[in-house]
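# Descriptive analysis of the structure
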Amino acid sequence: MTSTTARPAELTGRIVRPGDADYPAASAGYNLLFTHDPAVIVFARETQDVVNALAWARQNNVTVRVRSGRHSLEGWSNVDHGIVIDVSEMKSATIDMASSTATVGAGLNQLEAVTELGKAGVAAATGTEGTVGLVGATLGGGFGLLTRGFGMASDNLLAAEVVVASGSDGAEAIIVDEQNNSDLLWALRGAGNGNFGIVTSLTYHVHPLTQTIYITAGWPGLGDLPGVFDAWQRCALHTDSRLTTQLEINPGDVQLIGVLAAGSEAEAAQLLAPILSVGTPTVSMTDANWADTYAGFQAPTFGEAANWKFASQFISEPFPAEAIDLIVSFMSKAPTPECNYFTNAFGGAVKGSEPVGGSAFAHRNALFYAEPGAGWGTRGGIPAKADPLTAKCQAWIADFSEALRPYVYGAYVNVPNAGMTDWETAYWGPNVDRLRAIKAFYDPDNVFSFEQSVRPAQAGDRPHQP
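Residues numbered from 1 in each chain as written. Predicted model: local features only at pLDDT ≥ 70, side-chain atom pairs only at ≥ 80, totals over all residues. Heavy atoms only, no water.

### Concerning the overall build of the chain
Basically, it comes down to this: Under the DSSP-based scheme used, a helix requires at least four consecutive residues in state H or I and a strand at least two consecutive residues in state E, with every element numbered from the N terminus. The atom set for the radius of gyration is the C-alpha atoms, and the globule formula is 2.2 Å times the number of residues raised to the power 0.38. Three labels apply to residues, based on accessible area from a 1.4 Å probe with only protein chains included: buried if under 20% of the type maximum, exposed if over 50%, partly exposed otherwise in between. The criterion used for residue contact is that any of the two residues' heavy atoms lie within 4.5 Å. A 1.4 Å probe and the Shrake-Rupley method give the accessible areas. Residues count as covered only by the protein chains that appear here. Only four residue types enter the tally: Lys and Arg on the positive side, Asp and Glu on the negative side; His and the chain ends are excluded. Just so you know, the charge point we use is NZ for Lys, CZ for Arg, CG for Asp and CD for Glu.
Tallying secondary structure elements over the chain gives 15 helices and 19 strands in all. Here the C-alpha radius of gyration of the chain, 22 Å, is about what a compact globule of 466 residues would show, namely 23 Å. Principal axes of the C-alpha set define a box for the chain whose edges measure 70 × 55 × 40 Å. Residues classed as buried in the chain amount to 57% of the 466 residues present. In the chain, 75% of the contacts between residues at least 6 apart in sequence involve partners at least 24 apart. Accessible surface, the chain as shown: approximately 17,900 Å² in total, 52% of it carbon and sulfur. Averaging the coordinates of the 27 positive side-chain charges in the chain and doing the same for the 47 negative ones gives two points 4 Å apart.

Following this line, the structure appears as structure tokens:
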């Protein structure tokens, strides 16, 4: 179904403006390092609300930003003096077991989506943090503890409803799938966040999954880190694709986290034996359905640090000893206990199962993803600008990521590297020119523009349909 605006457009949905009692809560993001004061926030309840808001913004020459889960880590889903079109209240889920598909509203966060799909005994590939918006995670790629078995979240994206700018000052909703606007479907699979339009619903391929083994292993201190890391990168990236693992390295300990889809504890122990044989880790395994497992490892947002800074990296060759030693060195000097170094294993379906029609995600052949991160401050406490830890943490993360530069490549658009030169190539590799051509067709006026948005190519013919 396509909906268009009649001029002049009026804002509909739940409208929040400065001075309203709920404005402070409505304008705040997850990462309190960045704050903004938008002129208006529109919480859309249906697609027509999004169409109206986009047309209104164009007719009134107001800057547009798009938001769902509020986890834009550099604050780019918000803007001073502009309009934030928020789809977080567009929550729905329809599952078609016959076709193994699910169509979900763009307002579902990952925990809500996993929970709804779990009721039907199916799962989609998602990230691990439940409060992150499913749409945002998917449109940048999306990986977590089912990735090696099911592929990237974006690999499982089959269709979407997208509100795009139309005409000189209007907006309309279009269907994007393999038969309609397939060039845009390709772009949405890895480069879709805020670049081409506003996604209001997504259709996924879903997978039967009820039973999982959730594994955690912990090593106190950092003494075992070199052995654990080397064993992990030589084992976990090449093992049975049903098993996806992550390392979470903190100043005081090393944690291995993993999920074996549809297996046993004995299988998990065997597959992880090369890692678990290092030192004397504390190991725990839980046999449960996926939705319960996912809900069980979520951490409450109010207990997390207020301010965050990350650097994203991909790795194509195993780290040599000197790279692992750098991780030990930097983590031993971390400025706060919330600082960490995070990895996610690739391989499996990520490398071997690119979707029909392809995708803009450019890091399919990586061995693993890595992310140095700094967290500091308390929610409700001193603002980041006044916190002396802000400069210290930002300097630490910059130095950490720079030290690892010889051993890594690229960057992940969902964890943007704000100061990176040639960021387009870092995110999308050889796909940049094609993305710019698609941008020029669907958003020639560059309505969807932010600090690291895709730049439109010169106006011309419609890009080639994949």
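### Some thoughts on the sheet that holds strand β10 (residues 198–205)
Rules: At least two bridges found by DSSP between two strands is the condition for calling them paired. Convention adopted: a line fitted to C-alpha atoms gives each axis, helices being fitted over their contacting stretch, and angles between N-to-C directions are expressed from 0 to 180 degrees.
Read from one edge of the open sheet, five strands run β5-β6-β10-β8-β9, paired in antiparallel fashion. The outermost strands of the open sheet, each flanked by one partner alone, are β5 (93–96) and β9 (170–176). This sheet shows a mean twist of 15° between the axes of neighbouring strands, independent of strand direction. Relative to β10, strand β8 (residues 157–166) runs antiparallel, the two sharing six bridges. Opposite Ala159, over in β10, you have Thr203 as the bridge partner. On top of the sheet, helix α2 (residues 47–59) reaches β8, β9 and β10; it is set at about 35° to β8, its chief contact.

### So, the nonpolar core
Rules: Residues enter a nonpolar core if they are buried and are Ala, Val, Leu, Ile, Met, Phe, Trp, Tyr or Cys, with the set joined through side-chain atoms within 4.5 Å.
Counting 63 residues, the largest nonpolar core has Ile83, Leu184, Leu188 and Leu435 as its most contacted members. The residues touching Ile83, leaving out its near neighbours within four places in the chain, are Leu11, Val40, Val42, Ala53, Trp56, Ala57, Val62, Thr63, Val64 and Arg65. The next biggest cluster of nonpolar side chains, apart from the first, holds 49 residues, and it includes Leu256, Leu272, Ile315 and Ala334.

### A closer look at the packing of helix α6 (residues 182–191) against helix α15 (residues 432–442)
To keep things clear, this is the line we draw: Any angle that is under 35 degrees is reported as roughly parallel, and any over 145 degrees as roughly antiparallel; angles of 65 to 115 degrees are reported as roughly perpendicular and all others as oblique. Definitions for this section: a left-handed crossing has its near helix turned counterclockwise from the far helix by less than a right angle. A right-handed crossing has that turn clockwise. When residues are grouped by polarity, Ala, Val, Leu, Ile, Met, Phe, Trp, Tyr, Cys and Pro land in nonpolar, Asp, Glu, Lys and Arg in charged, and all others, Gly among them, in polar.
Two numbers describe how α6 lies on α15: the axes approach to 10 Å, and their chain directions differ by 120°. Here α6 is positioned oblique relative to α15, judged by the angle of their axes. Judged by the twist between their axes, the crossing of α6 over α15 is left-handed. In contact with Asp183, Leu184, Trp186, Ala187 and Ala191 of α6, α15 contributes Arg434, Leu435, Ile438 and Tyr442. Among the residues forming the contact of α6 with α15, the class breakdown is seven nonpolar, no polar and two charged.

### Points about the side chain of Thr47
Threshold: We call two N or O atoms a polar contact when they sit within 3.5 Å, provided that within protein one can donate a hydrogen and the other can accept it, with sequence-adjacent residues counted only if both atoms are side-chain atoms.
If you trace the backbone, Thr47 turns up in helix α2. Owing to a relative accessible area of 13%, Thr47 belongs among the buried residues under this scheme. For Thr47, the side chain forms a polar contact with the side chain of Glu161, separated by 2.6 Å.

### Description of the sheet that holds strand β4 (residues 83–86)
If you trace the four strands from one edge of the open sheet to the other, you get β1-β2-β4-β3, paired in mixed fashion. Each edge of the open sheet is held by one strand with a lone partner, namely β1 (14–16) and β3 (64–67). Neighbour to neighbour, the strand axes of the sheet diverge by 20° on average, direction disregarded. The sheet strands contacting α2 are β2 (40–43), β3 and β4, and the helix crosses β4 at an angle near 165°.

### Description of the packing of helix α11 (residues 321–332) against helix α13 (residues 389–403)
At a minimum axis separation of 10 Å, α11 and α13 run at an interaxial angle of 175°. By the angle between their axes, α11 is roughly antiparallel relative to α13. Facing α11, whose interface residues are Leu326, Ile327, Phe330 and Met331, α13 presents Trp396, Asp399, Phe400 and Ala403. Split into classes, the residues belonging to the contact of α11 with α13 amount to seven nonpolar, no polar and one charged.

### A look at the pattern of salt bridges
For clarity, the threshold we go by: Salt-bridge detection follows one rule: a side-chain nitrogen of Lys or Arg within 4 Å of a carboxyl oxygen of Asp or Glu.
Under the criterion given, the structure shown has 17 salt bridges. Across the salt bridge formed by Lys119 and Glu116, the nearest N and O atoms sit 3.0 Å from each other. With Lys119 and Glu116 both in helix α3 (residues 110–119) and three residues apart, this pair spans about one turn of that helix. Exposure remark for Glu116: the relative accessible area of 31% places this residue in the partly exposed category. Between Arg405 and Glu402 there is a salt bridge, with the nearest N and O atoms lying 3.0 Å from each other. The class of Arg405 is partly exposed, set by a relative accessible area of 49%. If you follow the salt bridges from partner to partner, you end up with Arg14, Asp22, Arg45 and Glu89 in one network.

### Some thoughts on unusual backbone geometry
The backbone of Asn181 sits at a positive phi, close to 55°, despite the residue not being glycine. Inspection of the secondary structure assignment puts Asn181 in the loop between β9 and α6. The class of Asn181 is buried, set by a relative accessible area of 19%. Here Asp422, not a glycine, exhibits a phi torsion of approximately 55°, which is positive.

### Focus on the confidence of the model for the chain
Rule in force here: The pLDDT score gives, residue by residue, the confidence of the prediction method on a 0 to 100 scale.
Model confidence for the chain is summarised by a mean pLDDT of 95, while 97% of its residues fall at 70 or above. This model gives residues 460–466 a pLDDT under 50, and the stretch forms 18 contacts once residues within four places in sequence are excluded.

### A few points about α2
What counts here: Take the residue count of a helix, subtract one, and multiply by 1.5 Å to get its expected span.
Here α2 is 13 residues long and its end C-alpha atoms lie 18 Å apart, about the 18 Å a rise of 1.5 Å per residue gives. For α2, the tally of buried residues reaches 11 of 13 residues, placing the bulk of the element in the interior. Among all positions in α2, only Thr47, Asp49, Val50, Val51, Asn52, Ala53, Leu54, Ala55, Trp56, Ala57 and Arg58 are buried. On its buried face, α2 sits against β2, β3, β4, β8, β9 and β10. Two residues or fewer after α2 comes Asn61, characterised by a positive phi angle close to 55°.

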